[in-house]
Amino acid sequence: MRTSTEALVKALLRNPLSIKSRSQAQQLHAQVLKFQASSLCNLSLLLSIYSHINLLHDSLRLFNTIHFPPALAWKSVIRCYTSHGLPHQSLGSFIGMLASGLYPDHNVFPSVLKSCALLMDLNLGESLHGYIIRVGLDFDLYTGNALMNMYSKLRFLEESGRQRLGAGEVFDEMTERTRSVRTVSVLVGNEGRKVSDMEAFNYDVSCRSREFEAQVLEIDYKPRNQYRELEACNLGQQIKDISHSKSEDSVRKIFEMMPEKDLVSWNTIIAGNARNGLYEETLRMIREMGGANLKPDSFTLSSVLPLIAENVDISRGKEIHGCSIRQGLDADIYVASSLIDMYAKCTRVADSCRVFTLLTERDGISWNSIIAGCVQNGLFDEGLRFFRQMLMAKIKPKSYSFSSIMPACAHLTTLHLGKQLHGYITRNGFDENIFIASSLVDMYAKCGNIRTAKQIFDRMRLRDMVSWTAMIMGCALHGQAPDAIELFEQMETEGIKPNHVAFMAVLTACSHGGLVDEAWKYFNSMTRDFGIAPGVEHYAAVSDLLGRAGRLEEAYDFICGMHIGPTGSIWATLLSACRVHKNIDMAEKVANRILEVDPNNTGAYILLANIYSAARRWKEAAKWRASMRRIGIRKTPACSWIEVKNKVYAFMAGDESHPCYEKIREAMEVLVELMEKEGYVPDTSEVHHDVEEEQKKYLVCSHSERLAIVFGIINTPAGMTIRVTKNLRVCTDCHTATKFISKIVGREIVVRDNSRFHHFKNGTCSCGDYW
């Protein structure tokens, strides 16, 4: 029996990869000790087994019982440290191996080079590269792959001394020393106290060399020549030629010098090119890989698909999709997620859904890809539907899931769902995530709850450009121009350089607040102080501001002087201002400008027809409406939404088919009577039809936002805030009526139209009647 057991132990030691679990490894370890077979060779084999199944604690416990570890033991502990993301310890062990008089082979350098990449230390990586050349391993396949991977990951570093301090200094210090190092066993203290893995190995990656050396035991040793080699290796012309070029060039040169290349080699250079945005080069390398009789795998395809998505090249994307089907990789979760994302970014959401539907297994990434794809393409309801299905499939949302779905809540103004998601985020500790916090700020602001948006923003410990911009734009849309400007100035004070989106936000604030001088200051500052060329949206904000302020001629000249050709939408902002200020001559001139650049602009026809109607020039109004019918242009019907008891209700202007219409009509009659007692007089100038005055009064009272507000009053508790969203601009009469209603019912009423929020409370509006 003993003989057969010993034979089994020897067989297992000869085939270490057959051990798959910790319990199996420990049983084998026990048998080795039992049969007194704990030779240096067997212990090293046991150590390689522990390392192979990634057991750091057990590996180090065994390693520290070996008095003179052989090369295999050092290799195992170096690999285990690296796989656990402990680059300082891995590099310290590598130094210890060299100091023990052992030369590394091709099995060591991949782990050591990966540690350099983890430390983002380019100088250290170059030193190791030089040493690899000195020992003649630069032509080794695995070492070459590791070198390419390291240079690819360090592509953003410059040779300006910005590298993180740490492991590079360890090597510099070691060249001066005459002592060897060996990792101290911190698993068992002096009194036999066991120390947890976290206590033992959770080193700070930014530690200095002397702090790191405090974790090692120094013993007397004579100087070794290899340290001098490490010091001098960068002087070789070969390493200079490679490492002193751009990182992508370094990867390419190593690749070209490798006598043997496998799929990993090709994938490394393809992924590096893709990350650097080298589109044509990436596609060419894929073709060359095929010429080398190698077929792309899931890593290849999932590396190149994001680049195709970025370039919105649907034809190439379909080619890659076809390749994945031929290779049987279309069901791979990584490839499928990349395909979903690629089709979505090419605005082919139906194809994204088709790929997702065909997946037999779905993880969080694939779910998030389809959710984000729908939301990014404006299919907010679809995105929410997929999010609910993900929860039903027991897939726990991650941080990126919330960043994807929050914009859907913001655009649909589903505050109740947004609050539910916020609660889930808080319970699961995601509220500290800067991306999620920024999404929450944006969601609450767009759902009309600017107070909560400010509270979240004020609690954020870290703020990036997205969070600042979301808060500034939120204040702008809620008519809080002074707060928006103060935030913009504070952002600059805290060292955040504004981008074009931030300027768009502050210009919007100026526009809604009528702050002409401030707007000019920021508009001129864009180019003068920050080198940002104004875009169409910036010109539109300034022209909208001038138009609202009644400076129509100035706005016209401003648009004519744009450095880029004005679009129909920019002229439309001025045409809308002409309607507000009842300037027919300017309106006709602007309308002609619009139709020159955009003959089918629906807004131009509607606005001009309404301008003529308001001036009672019915023939001209009829003429423009006839033109609309002739060319097939249809006016967008007015529609308003309100969320009551977790359900969204929609109302169309004049729609009597709603199930609650009779109750709404009765409540409306009571409200109108009370409003008239308070001094309300209907403004029928907004009715653009040639009908009797009584009919005009009925029409203004049946506007969609008025119906939604009354519905909210009769279906929600007293004192509860009413939030309504409208797809068009709030008319003058509804604005006046809502002020009266807010005072009579004692409620805050928040109305979001197509340009801003109106907060009605106690008979006043946050816009100050300037909108």
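By the naming in an unreviewed UniProt entry, the chain goes by DYW domain-containing protein and is assigned to Cucumis sativus.

For the pair helix H3 (residues 40-52) and helix H5 (residues 71-83), the least separation of the axes is 9 Å and the interaxial angle reads 15°. By the angle between their directions, the pair H3 and H5 is classed as roughly parallel. Remark: the crossing between H3 and H5 carries left-handed chirality. Contact residues: H3 offers Ser44, Leu45, Leu47, Ser48, Ser51 and His52, while H5 offers Leu72, Ala73, Ser76, Arg79 and Cys80. Partitioning the contact of H3 with H5 into residue classes produces five nonpolar, five polar and one charged.

Let us look at helix H17 (residues 279-291). Helix length check: H17 (13 residues) gives 19 Å between terminal C-alpha atoms against 18 Å at 1.5 Å per residue, within 8%. Where H17 is concerned, the buried positions are Tyr279, Thr282, Leu283, Met285, Ile286 and Met289. For H17, the angular spread of the buried residues around the axis is 155°, confining them to a single face. Of the residues in H17, the exposed ones pointing more than 90 degrees away from the buried face are Arg287 and Gly291.

So, on to the UniProt feature "repeat: PPR" (unreviewed entry) in the chain. This chain's UniProt record puts "repeat: PPR" (unreviewed entry) on residues 262-296, 363-397, 464-498 and 499-534. For residues 363-397, the helix share is 74%, the strand share is 0%, and the end-to-end C-alpha distance is 10 Å. In residues 499-534, helix accounts for 81% and strand for 0%; the two terminal C-alpha atoms are 11 Å from one another.

We now examine the nonpolar core. Counting residues in hydrophobic clusters, the biggest one holds 180 residues, and the most contacted among them are Phe94 and Met443. With sequence-adjacent residues up to four places away left out, Met443 is seen in contact with Met406, Cys409, Ala410, Leu415, Gly418 and Lys419. Listed in part, the 31 residues of the second largest apolar core include Leu671, Ala708, Cys731 and Cys767.

Let us now look at the sheet that holds strand S8 (residues 764-765). The mixed open sheet is built from six strands, whose spatial order is S4-S3-S5-S6-S7-S8. Every other strand in the sheet has two partners, leaving strand S4 (647-652) and S8 as the edge strands with one partner each. With four bridges joining them, strand S5 (residues 722-726) and strand S6 (residues 749-752) adopt parallel strand pairing. The partner of Ile722 across the bridge, within S6, is Ile749. Docked against the sheet, helix H41 (residues 732-745) engages S6, strand S7 (757-761) and S8, running at close to 40° with respect to S7.

Looking now at the pattern of salt bridges. Evaluation of the coordinates by the stated rule reveals 26 salt bridges. For the salt bridge of Asp341 with Lys345, the shortest nitrogen-to-oxygen distance reads 3.3 Å. Linking Asp341 with Lys345, this pair stays in helix H20 (residues 333-345), spanning four residues, or about one helical turn. Take Asp341: its relative accessible area is 21%, and that puts it in the partly exposed class. Classification of Lys345 by relative accessible area gives partly exposed; the value is 41%. For Glu748, the salt bridge identified is with Arg451, shortest N-O distance 3.5 Å. Linking Glu748 in the loop between H41 and S6 with Arg451 in helix H27 (residues 450-459), this pair joins segments that are 297 residues apart in sequence. Several salt bridges share partner residues, and in doing so they unite Arg252, Glu256, Glu281, Arg284 and Glu288 into one network.

Between the first and last C-alpha of helix H40 (residues 704-715) there are 17 Å, a value that for twelve residues agrees with the 16 Å anticipated at 1.5 Å per step. Along H40, ten of the twelve residues are buried, which leaves the element largely enclosed by surrounding structure. Listed as buried for H40 are Ser704, Glu705, Arg706, Leu707, Ala708, Ile709, Val710, Phe711, Gly712 and Ile713.

Quick look at the side chain of Ser324 now. Along the chain, the position of Ser324 falls in helix H19 (residues 314-326). You can call Ser324 buried: its relative accessible area is 0%. Setting aside its immediate chain neighbours within four residues, Ser324 contacts Leu301, Leu329, Asp330, Val335 and Leu339.

Take the packing of helix H16 (residues 263-275) against H17 next. A packed helix pair is summarised by two numbers, namely the angle formed by the two axes and the spacing between the axes. Running from N to C, H16 and H17 point in directions that differ by 165°, and their axes come no closer than 8 Å. By the angle between their axes, H16 is roughly antiparallel relative to H17. The handedness of the crossing between H16 and H17 is left-handed. Residues Leu263, Trp266, Ile269, Ile270, Asn273 and Ala274 of H16 lie in contact with H17, whose contacting residues are Glu281, Thr282, Met285, Ile286, Glu288 and Met289.

It is worth spelling out the confidence of the model for the chain at this point. Caution applies to low-pLDDT regions: their predicted coordinates should not be interpreted in detail. Overall, the prediction assigns the chain a mean pLDDT of 82, with 84% of residues at 70 or greater. When the criterion is pLDDT under 50, residues 158-241 qualifies, and its contacts beyond four places in sequence or with other chains add up to 164 contacts.

Cut-offs applied
Residues numbered from 1 in each chain as written. Predicted model: local features only at pLDDT ≥ 70, side-chain atom pairs only at ≥ 80, totals over all residues. Heavy atoms only, no water. Axes fitted to C-alpha atoms, helices over the stretch in contact; angles between N-to-C directions. Helix = DSSP H or I, 4+ residues; strand = E, 2+ residues; numbered from the N terminus. Parallel < 35°, antiparallel > 145°, perpendicular 65-115°, else oblique. Left-handed = near helix turned anticlockwise from the far one by under 90°. Contact = heavy atoms within 4.5 Å. Nonpolar A, V, L, I, M, F, W, Y, C, P; charged D, E, K, R; others polar. Expected span 1.5 Å × (residues − 1). Buried < 20%, exposed > 50% of the residue type's maximum accessible area, 1.4 Å probe, protein only. Arc of directions from axis to C-beta. UniProt positions renumbered as here; feature names shortened; annotations may be inferred. Core = buried A, V, L, I, M, F, W, Y, C linked by side-chain atoms within 4.5 Å. Pairing = 2+ DSSP bridges. Salt bridge = Lys/Arg side-chain N within 4 Å of Asp/Glu carboxyl O. pLDDT = per-residue confidence, 0-100.

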